[in-house]
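Listed here are the chains, written in short residue letters.
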Amino acid sequence: MSPHRPMKPARTIPFAWSIGVTVLLTGTAIANLPVARLATIRPAGAQRGTSTAVTIEGSDLDEVDRLLFSHPGISATPHKRAPALFEEGEQLVTNRFTVNIAKEIPPGLYEVRAVGHFGVSNPRIFAVGLSPEAEEKEPNSKPADAQEVSLDTTINGRIDSPGDQDLYHFQGKKGQSLTAQLLGQRIDSEIEARLVLLDPDGQALAKSRPVFSKDPLLHALLPADGDYVLRVEDIRYAGGARYPYRLELSTKPLVTSAFPLAGPAGRRSSFTLYGYNLPGGAPRSKRDDGDPNLQRLSVLVDVPPGAGNDRPRETSFPPVSDAFIDSFTYRLPARRGPSNPLRLGIATEAIVREHEPNDHPDSAHRIPIPCEVAGRFDHSADRDWFLFDGNRGEQFVIDVVAQRLGQPTDPLLVVEQVSPNRRQLTETDDAVPAGADFVTSTHSDDPTFRLSIPEDGTYRVLVYDQFGGLSTKARDGYRLLIRRAVPDFNLIAIPRQITSDRNRSALWSTFLRRGQTDRVEVLAFRRDGFSGPIVLTAEGLPQGVSASPITIAPGQSRGSLILRADDNAPAFAGPWRIVGKATIDKREVTHEASAGTLVESAVRDQHSGDTRLASRLMLGVGAAESYPFSVGLGTPILETSRAGKLEIPVRIKRRGDFKEAVVLTPVNLPPRAKAAAVTIAKDKSEGTIAVTVESAAPLGTFSSYLRAQATVPYRRTPGAAARAEERKKRAIAATANLGQEIAEVDKRQKGLAAEITKQLAATKQLEQREKEARAKLTTIKPEEKAAVDKEIATLTKQFAEARAALDRAKAEQARIDQQLKRQREQFATFEKAKKESEDAAKRAADVAKPRKIRVEIPSPSITLAIVEAPVRTQFPDVVGLEQGATIDVPLAVERLFGFADPVTLKATIGGSVKGLTAAPTTIEKGSSESLLKVAAIRETPTGRHAIPIELSLKFNNQTLKLARTLTVEITPAPAPQAPPANAK
């Protein structure tokens with residue numbers, strides 16, 4: 001028995017965003033050039049038919065100007081501002097957008113990605129709801145600071161730091177049926193939340209329980225009118241930017257579960273819904289043990305056709321472990337709007353409802369097979385027994401589906417043979433499909449068993465919940481599928497960073513610079529014993545991007561598809577797809593790979609990474625940068641045999657200033673094939689990978705690649721640095737020009753001041769002379785008066801003119817003073833803007849400064865076919881031989897892969913065919929054929945006999961033995977002729 005999901009420690013992985021290097025818990029760098037990665041969008045949803053301002057956070061979100069949503073009815077407009085001084089054109093407001101949601105969009109969960117300089121980011125969930133929305137306002141960690149909210153509202157909040165609590169208060173009325181559900185992990189949050197409802201006296205009235213994944217649900221019947229407080233907290237006392245949530249306070253219908261868990265494909269089927277505030281809902285029955293306030297409601301539901309595993313996903317993004325349960329989303333229609341979504345299964349076998357009592361082997365419920373049993377754990381420690389008849393050789397798969405459809409159970413499966421001999425065939429707990437690792441967990445609590453009926457008889461199945469002794473609720477249903485084995489496969493494609501560090505995996509998206517390669521990891525979920533090869537091809541790639549087909553070899557569960565952008569690839573941001581093909585029972589089976597995404601970075605044994613389905617595969621191609629180097633393969637498709645050796649010629653194409661050494665390490669070689677890493681020195685461009693194949697290597701076609709490691713010079717967003725430098729130059733030039741203008745005006749002002757001083761002196765002199773002239777009038781003779789009057793008139797006129805000139809000069813001086821004041825104020829503004837532009841240019845230049853970064857990229861795909869031996873045998877179809885005769889049978893081989901040594905052929909007849917013998921022979925070195933002497937005695941039975949032939953050879957000092965068969969047809973010897981009559 002295992003927990004439903006591994007508990008995550010409270011410690012979170014920080015993002016470090018300098019030059020695109022992700023630093024994880026220990027501080028060790030996982031190298032690569034920047035790739036856009038989206039951590040959060042806040043708020044994480046909005047009401048349909050509205051426009052909402054959002055902020056995105058993450059790493060390497062440089063110049064993000066678009067948000068892409070998985071539904072065309074959701075769009076986003078970037079926020080822009082008027083250009084600052086010396087900037088040109090409108091400027092983006094970093095990471096701020098207005099999201100517009102059409103009225104017609106169904107409520108549910110959708111995906112959003114950011115598009116910028118470093119490509120298309122990983123997706124995050126964006127919810128579309130029906131209720132009005134509110135945003136959390138801090139501080140609200142104490143009862144006195146509780147934020148006031150209204151019922152039937154969705155609140156977008158975040159646990160900002162470890163130990164943070166968010167409190168909300170609302171007015172409730174006696175008898176109100178209140179539900180509070182929180183969306184956390186369903187919207188890619190790290191929160192593991194708990195809700196506590198406090199009554200008007202501050203006492204705990206109700207506490208939540210995890211119902212939807214790890215997201216909590218709380219229900220309460222309010223006992224009185226008054227002010228209630230709801231507290232939100234993380235159960236691990238963790239918090240941070242990655243802890244957003246959506247809290248729905250509602251009196252509307254909420255469905256928690258249904259029974260049965262599935263309906264027949266393509267038919268209308270009856271379900272019993274369980275939940276709260278169900279329109280027309282009845283109280284729970286006695287069989288529905290658990291919450292006394294739970295209601296039930298019978299409804300008819302149109303179940304869609306099956307085969308939903310390949311259909312596009314838009315509002316359902318289950319974890320990888322739950323990915324291939326064929327299902328659909330149902331919402332209960334209601335007058336005030338549809339309920340929350342509920343995931344229901346699609347059944348392809350006839351549904352049989354479990355009959356109680358069947359708690360004991362003797363009262364087992366007899367069922368026909370194949371079928372699907374709709375069962376339920378009705379009471380604590382309930383055990384359900386089922387009985388069926390089987391015929392020898394029939395192949396069935398017995399699958400219990402519960403936890404994968406959201407049930408809080410951990411079923412155990414026991415299969416017994418009852419007759420003719422009683423024995424236990426299996427006791428099966430959790431299913432762990434091949435291909436799981438610490439990042440892409442495929443673990444499920446649901447057991448699965450492949451049953452090959454050993455003999456005609458009666459068989460019995462036991463299903464019980466290993467958590468059943470703790471508590472059992474009405475929602476603890478299960479599906480018991482007993483179906484015929486149908487070999488098949490499913491695929492999930494997940495962008496994964498290429499790294500030599502096997503203990504870490506960073507959040508990643510697929511982004512190609514010109515000349516770059518990147519990989520997408522494809523997980524193969526093999527079903528019902530299918531173990532054949534699966535060929536993967538890429539479809540819908542944009543111009544300038546290519547990918548060679550790869551093969552997931554027999555028995556393997558994952559492969560890496562390598563994408564490559566050529567040196568002139570245009571910019572692109574959009575979807576593409578991966579298609580897998582296999583031959584199963586002589587028919588071609590094709591499946592499109594579902595898209596997957598890592599939800600958070602992972603560190604082995606410290607922080608597990610959740611992986612869920614995504615709406616589609618997305619690819620970003622950047623035309624602004626070229627990758628410093630690429631790896632070329634002289635022969636990407638290779639063939640050898642067991643014990644063979646081959647060489648893979650490689651060539652490094654260097655771009656720009658890259659001159660350093662490149663280390664090439666083979667990855668995903670076939671089992672029992674070996675190749676050492678090779679270093680291409682800094683002054684070289686070519687090299688060879690030598691591959692050695694062991695004699696016991698598996699046969700088939702395998703896909704691998706080379707991991708190229710190097711330290712490269714890289715300039716981050718040099719275009720931004722160039723733009724910042726241009727702004728700085730404009731600021732410096734404009735400031736200098738203005739300073740020159742101010743200097744010239746100041747000089748003019750000083751000249752004018754000197755002129756005013758001079759004019760003032762002249763004016764005073766004229767005034768004095770006029771006074772002196774007027775004084776003469778008292779002392780001059782009458783005949784002199786006319787001359788003095790004339791002198792006074794002249795001086796008066798000159799004085800008036802000088803005074804007017806002085807006034808004009810002073811007015812000009814005042815005007816220049818104002819001009820200087822304005823210019824000096826403008827100069828101060830220019831100086832400030834210049835300083836800002838210089839600082840911005842310095843920061844941008846520092847960001848764009850060439851740095852040495854350790855990077856890892858994949859080479860193009862390598863296809864390696866391994867055949868049995870370095871020879872092809874050429875034996876006759878049938879050799880005719882008479883009894884008592886001997887024949888030399890020509891046996892030939894076609895030599896391959898340079899093999900020239902001897903081949904020994906030895907028949908291993910033993911005594912299986914009386915009197916039939918074959919002498920050993922050797923095909924000598926350099927030869928291609930020999931004769932095998934086969935002899936029969938007269939008593940050798942007639943008819944066709946298969947002679948086993950063992951071929952033995954040494955190839956590259958490894959011994960290979962091949963088994964072949966020579967068919968010999970023994971015909972009767974001619975009857976002896978009677979002697980002549982005259983014979984003596």
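Looking at an unreviewed UniProt entry, one finds the protein chain named Peptidase C-terminal archaeal/bacterial domain-containing protein and attributed to Kolteria novifilia.

Enquirer: An account of the overall build of the protein chain is requested, with residue identities and associated values reported.
Expert: In terms of regular secondary structure, the protein chain is built from two helices and 72 strands. A compact globule built from 984 residues would reach a C-alpha radius of gyration of about 30 Å, whereas the protein chain, at 43 Å, exceeds it by more than 25%. Dimensions of the protein chain along its principal axes, counting C-alpha atoms only, are 210 × 85 × 45 Å. Looking at the protein chain as a whole, 51% of its 984 residues qualify as buried. For the protein chain, the proportion of contacts with a sequence separation of at least 24, taken over those separated by at least 6, is 72%. If you sum the accessible surface of the protein chain, you get close to 43700 Å²; carbon and sulfur atoms cover 50% of it.

Enquirer: Break down the nonpolar core for me, citing the residues and quoting the values.
Expert: Judged by nonpolar contacts, the single largest core of 57 residues is most densely connected at Ile56, Leu67, Phe126, Phe629, Ile648 and Leu664. Look past the residues within four positions of isoleucine 648 in its chain and what remains in contact with it is Leu633, Thr635, Leu638, Gly687, Thr688, Ile689, Val691 and Ile862. One finds Val889, Ala918, Val934 and Leu966 within the second-largest nonpolar core, a separate group that totals 31 residues.

Enquirer: Can you break down empty space enclosed by the protein residue by residue, with the values?
Expert: Summed over the entire model, instances satisfying the criterion amount to six cavities of 30 Å³ or more. Approximately 80 Å³ is the volume found for the largest cavity. Residue lining of the largest cavity: 14 residues in total, with Arg113, Pro123, Pro495, Gly596 and Met618 positioned closest to the centre. Contributions of two or more residues to the lining of the largest cavity are made by strand S50 (594–598) and strand S53 (617–626). Here the lining of the largest cavity takes three residues from S50, the largest share from any one element.

Enquirer: Outline the packing of aromatic side chains, supporting the account with residue identities and numerical values.
Expert: Following the criterion strictly, the structure yields ten aromatic pairs and no others. Centroid distance phenylalanine 388 to tyrosine 459: 6.1 Å. Interplanar angle 20°. Geometry classified as stacked. A residue pair is termed long-range when its members are at least 10 positions apart, and phenylalanine 388 in strand S33 (residues 383–390) and tyrosine 459 in strand S38 (residues 457–465) qualify at 71 residues. On the basis of relative accessibility, which here comes to 0%, the residue tyrosine 459 falls in the buried class. Aromatic rings pair up to connect Tyr627, Phe629 and Phe658 into one cluster. Of note, arginine 383 hangs over the ring of tyrosine 464, and the distance from its end group to the ring centre comes to 4.1 Å. Positioned above the aromatic ring of phenylalanine 317, the side-chain terminus of arginine 612 is 5.3 Å from the ring centre.

Enquirer: Kindly report on the sheet that holds strand S14 (residues 153–158), identifying the contributing residues and their values.
Expert: The strand order S12-S14-S22-S16-S20-S19 describes an open sheet built from six strands, whose pairing is mixed. Looking at strand neighbours, the two that pair on one side only are strand S12 (133–135) and strand S19 (209–212), the edges of this open sheet. Mean inter-strand twist for the sheet, computed between neighbouring axes without regard to direction, equals 30°. Sheet topology note: the S19/strand S20 (residues 215–221) ladder contains three bridges and is antiparallel. Along S20, the bridge assignment pairs arginine 209 with leucine 217.

Enquirer: Got a sec to walk through the pairing of strand S60 (residues 686–693)? Specific residues and values, please.
Expert: Of the two faces of S60, the one lined by Gly687, Ile689, Val691 and Val693 is fully buried and the one lined by Glu686, Thr688, Ala690 and Thr692 carries no buried residue. Direction of pairing for strand S58 (residues 673–675) relative to S60: antiparallel, over a ladder of three bridges. Along S60, the bridge assignment pairs lysine 674 with threonine 692.

Enquirer: Quick rundown of the UniProt feature "coiled-coil region" (unreviewed entry) in the protein chain? Include the residues and the values.
Expert: UniProt records the feature "coiled-coil region" (unreviewed entry) for residues 792–840 in the present numbering. Spanning residues 792–840, this segment combines 100% helix with 0% strand, and its end C-alpha atoms are found 70 Å apart.

Enquirer: Got a sec to walk through unusual backbone geometry? Specific residues and values, please.
Expert: In this structure, proline 43 follows arginine 42 across a cis peptide bond, with omega equal to 0°. Considering the arrangement of structural elements, one finds proline 43 in the loop between strand S3 (37–42) and strand S4 (45–47). Its identity is not glycine, yet aspartate 188 carries a phi of approximately 70°, on the positive side. Secondary-structure assignment places aspartate 188 in the loop between strand S16 (177–183) and strand S17 (193–198). You will see that aspartate 585, though not glycine, has its phi angle at about 50°, which is positive. Secondary-structure assignment places aspartate 585 in the loop between strand S48 (572–584) and strand S49 (587–592).

Enquirer: Can you tell me about the sheet that holds strand S35 (residues 411–419), naming the residues and giving the values?
Expert: Strands sit in the order S31-S33-S38-S35-S36 across an open sheet of five strands; the sheet is mixed. The open sheet is flanked by strand S31 (365–366) and strand S36 (423–428), the only strands paired with a single partner.

Enquirer: Kindly report on the packing of helix H1 (residues 718–776) against helix H2 (residues 782–848), identifying the contributing residues and their values.
Expert: Running from N to C, H1 and H2 cross one another at 165°; their axes reach a closest spacing of 5 Å. Considered as vectors, H1 and H2 are oriented roughly antiparallel to each other. Viewed along their axes, H1 and H2 form a crossing whose handedness is left-handed.

Enquirer: Which residues make up the side chain of glutamate 372, and what values do they have?
Expert: Relative to the assigned elements, glutamate 372 resides in strand S32 (residues 371–376). Residue classification places glutamate 372 among the buried residues on the basis of a relative accessible area of 3%. A polar atom in the side chain of glutamate 372 sits 2.7 Å from the side chain of arginine 479. Once residues within four sequence positions are removed from consideration, glutamate 372 is found in contact with Ala262, Ala347, Glu349, Ala350, Ile351, Val352, Arg479, Leu480 and Leu481.

Enquirer: Could you give an account of the pattern of salt bridges, with specific residues and numbers?
Expert: In this structure the tally under the stated criterion is 63 salt bridges. A salt bridge links arginine 231 to glutamate 233, with the nearest nitrogen and oxygen atoms 3.3 Å apart. For glutamate 233, a relative accessible area of 6% gives the class buried. The network of salt bridges with common partners includes Arg37, Asp60, Asp62 and Arg716.

Enquirer: If you had to explain the side chain of arginine 37 to someone new, which residues and values would you point to?
Expert: Mapping arginine 37 onto the fold places it in strand S3. What makes arginine 37 buried here is its relative accessible area of 1%. At a separation of 3.1 Å, a polar atom in the side chain of arginine 37 contacts the side chain of aspartate 60.

Enquirer: Explain the confidence of the model for the protein chain to me, using residue names and the numbers behind them.
Expert: When pLDDT is averaged along the protein chain, the result is 90, and 92% of the positions lie at 70 or above. Low pLDDT, under 50, characterises residues 1–30; the predicted model gives this stretch 103 contacts beyond four residues in sequence or across chains. This model gives residues 309–313 a pLDDT under 50, and the stretch forms 20 contacts once residues within four places in sequence are excluded.

Enquirer: Pulling in residues and values, what's your account of the environment of leucine 669?
Expert: Relative to the helices and strands, leucine 669 is located in the loop between strand S57 (662–667) and S58. Note: C-alpha distance between leucine 669 and methionine 618 (51 residues apart in sequence) is 28 Å. Apart from residues no more than four positions distant in its own chain, leucine 669 is found in contact with Lys674, Ala675 and Ser704.

Enquirer: Hey, could you go over the environment of valine 414 for me, with residue numbers and the actual values?
Expert: With respect to the helices, strands and loops of the structure, valine 414 is situated in strand S35. Between the C-alpha atoms of valine 414 and histidine 591, which are 177 residues apart in sequence, the distance is 33 Å.

Enquirer: Residues and numbers for the environment of proline 143, please.
Expert: Examined against the element boundaries, proline 143 turns out to sit in the loop between S12 and strand S13 (147–148). Using a relative accessible area of 62% as the deciding quantity, one classes proline 143 as exposed. When the C-alpha positions of proline 143 and arginine 42 are compared, they lie 25 Å apart, and in sequence the two are 101 residues distant.

Thresholds applied
Residues numbered from 1 in each chain as written. Predicted model: local features only at pLDDT ≥ 70, side-chain atom pairs only at ≥ 80, totals over all residues. Heavy atoms only, no water. Helix = DSSP H or I, 4+ residues; strand = E, 2+ residues; numbered from the N terminus. Rg over C-alpha atoms; globule rule 2.2 N^0.38 Å. Buried < 20%, exposed > 50% of the residue type's maximum accessible area, 1.4 Å probe, protein only. Contact = heavy atoms within 4.5 Å. Areas by Shrake-Rupley, 256 points an atom, 1.4 Å probe, with all protein chains shown as cover. Core = buried A, V, L, I, M, F, W, Y, C linked by side-chain atoms within 4.5 Å. 1 Å grid on protein atoms, 1.4 Å probe; cavity = no way out; pocket = protein on both sides within 12 Å on 5 of 7 lines; lining within 4 Å. Points joined across faces, edges and corners; volume = space filled by probe spheres on them. Phe/Tyr/Trp six-rings, centres within 6.5 Å; stacked < 30°, edge-to-face > 60°. Lys NZ or Arg CZ within 6 Å of the ring centre and 35° of its normal. Pairing = 2+ DSSP bridges. Axes fitted to C-alpha atoms, helices over the stretch in contact; angles between N-to-C directions. UniProt positions renumbered as here; feature names shortened; annotations may be inferred. Parallel < 35°, antiparallel > 145°, perpendicular 65-115°, else oblique. Left-handed = near helix turned anticlockwise from the far one by under 90°. Polar contact = N/O pair within 3.5 Å; in protein donor to acceptor, adjacent residues only side chain to side chain. Salt bridge = Lys/Arg side-chain N within 4 Å of Asp/Glu carboxyl O. pLDDT = per-residue confidence, 0-100.

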